[in-house]
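Read off the chains here:
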Amino acid sequence: MPVLGIGGLFFRSRDPDALSAWYKKHLGIGGGCDSTGTGPIDEWSWNAGGGPVVFAPFKATTDYFPTDKAYMLNLRVSDLPRLLEGLTAAGIAAETRAEWDSPETGRFARVHDPEGNPIELWEPPA
């Protein structure tokens, strides 16, 4: 199969510069960021760590994420409690629910970026 993985995520924004800065500051993702420890690739790319990626269309009537949004970004994270602590300290509301978590799939939390886009934070099981 010639497809190796997701090459990018492109979406509209009222203020792309401010939104890019928010993602870099609070989640460490975006152009020039590195999650691998090997250093950023270039100013446009996020050098993301390898691992599983869920690619799943949902029914148009799903209540899994807000009905007024066409997508929800899911970010694979490590040390979810520490990330949530930092987000909360920055005044970013995070939602967790016990029913979202399971030993088979891991732990989850939800936040929203400044433009209201939903972000699911997923810490896979060890």
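Refer to the structure printed above.
Think of each chain on its own: its residues are numbered from 1, step by step along the sequence as written. Per-residue local features of the predicted model are confined to residues with pLDDT of at least 70, and side-chain atom pairs are confined, for both listing and counting, to 80 or more; whole-chain, interface and lining totals are unaffected and use all residues. Here the side-chain values reflect all heavy atoms present in the structure, with hydrogen atoms and water set aside.

Colleague: Can you help me understand the environment of Cys 33 in this one?
Modeller: Strands are runs of DSSP state E lasting at least two residues, helices are runs of H or I lasting at least four, and both sets are numbered from the N terminus onward. With respect to the secondary-structure elements, Cys 33 resides in the loop between α1 (16–27) and β1 (73–76). To sort residues, take the accessible area from a 1.4 Å probe on protein chains only and compare it with the maximum for the residue type: under 20% means buried, over 50% means exposed, and anything in between is partly exposed. Cys 33 gets classed as buried once you look at its relative accessible area, which sits at 11%. Cys 33 sits 14 residues away from Leu 19 along the chain, and the two C-alpha atoms are 15 Å apart.

Colleague: So what exactly am I meant to see when it comes to the pairing of strand β2 (residues 107–112) here?
Modeller: Two faces, one strand: in a regular strand the side chains alternate between the faces of the sheet. Across six bridges, the pairing between β2 and strand β3 (residues 118–123) is antiparallel. Bridge assignment links Arg 107 to a residue of β3, and that residue is Glu 123. Here, any two strands with at least 2 DSSP bridges between them count as paired. Taking the residues between adjacent antiparallel strands as the criterion, β2 and β3 are bridged by five residues, where Gly 116 takes a positive phi near 85°.

Colleague: Before we go on, may I ask you to explain the nonpolar core in this structure?
Modeller: When a protein is soluble and globular, its nonpolar side chains tend to lie buried together. Nonpolar cores were defined as sets of buried Ala, Val, Leu, Ile, Met, Phe, Trp, Tyr and Cys residues, with membership established by side-chain atoms within 4.5 Å. Within the largest apolar cluster, 17 residues are counted, with the highest numbers of intra-cluster contacts made by Tyr 23, Leu 27, Leu 75, Leu 87, Ile 119 and Leu 121. Only α1, β1, α2 (80–89), β2 and β3 provide two or more residues apiece to this core. Contacts: residue pairs with any heavy atoms within 4.5 Å of one another. Filtering out sequence-adjacent residues up to four positions away, Tyr 23 remains in contact with Phe 11, Gly 28, Ile 29, Leu 73, Asp 113 and Ile 119.

Colleague: Please clarify how the sheet that holds β3 should be interpreted in this entry.
Modeller: One open sheet accounts for three strands, arranged β1-β3-β2; its pairing is mixed. For this open sheet the edge positions go to β1 and β2, each flanked by a neighbour on one side alone. The average undirected angle you get between the axes of adjacent strands in this sheet is 25°. Lines fitted to C-alpha atoms define the axes here, with helix axes fitted over just the stretch in contact, and angles between the N-to-C directions of these axes take values from 0 to 180 degrees. Relative to the sheet, α1 contacts β1, β2 and β3, its axis offset from that of β3 by approximately 25°.

Colleague: What is the right way to look at unusual backbone geometry in this model?
Modeller: Residues other than glycine predominantly adopt negative phi, and peptide bonds predominantly adopt the trans conformation. For Asp 79, which is not a glycine, the phi torsion comes out positive at approximately 55°. On the secondary structure map, Asp 79 appears in the loop between β1 and α2.

Colleague: Explain α2 here, please?
Modeller: Helical geometry note: an α-helix holds 3.6 residues per turn, so side chains three or four residues apart project in the same direction. All buried positions along α2 are accounted for by Leu 80, Leu 83, Leu 84 and Leu 87. Across the axial projection of α2, the buried residues extend over an arc of 100°, all falling on one side. Opposite the packed face of α2, turned more than 90 degrees from it, sit the exposed residues Arg 82, Glu 85 and Ala 89. Buried-residue contacts for α2 involve α1, β2 and β3. This arc is taken over the directions from the axis of the helix to the C-beta atoms.

Colleague: Help me out: how do you make sense of the packing of aromatic side chains in this one?
Modeller: Centre distance and the angle of the planes are the two values used to describe a pair of aromatic rings. Two rings belonging to Phe, Tyr or Trp (six-membered ring only in the last case) form a pair when the distance between their centres is within 6.5 Å. Interplanar angles under 30 degrees mark stacking, angles over 60 mark edge-to-face geometry, and anything in between is tilted. In this structure the tally under the stated criterion is six aromatic pairs. Seen from their ring centres, Phe 11 and Tyr 23 are 6.5 Å apart, and the 65° between their planes marks the pair as edge-to-face. Linking Phe 11 in the segment before α1 with Tyr 23 in helix α1, this pair joins segments that are 12 residues apart in sequence. Its relative accessible area of 8% is what places Tyr 23 among the buried residues. Ring centres of Phe 11 and Tyr 71 lie 5.6 Å apart, and the angle between their planes is 50°; on these two criteria the pair is classed as tilted. Highlighted residues: Phe 11 in the segment before α1 and Tyr 71 in the loop between α1 and β1, separated in sequence by 60 residues. Looking at Phe 11, the relative accessible area reads 32%, which means it is partly exposed. Residue classification places Tyr 71 among the partly exposed residues on the basis of a relative accessible area of 23%. Three or more aromatic residues link up through ring pairs in this structure, and these residues are Phe 11, Trp 22, Tyr 23 and Tyr 71.

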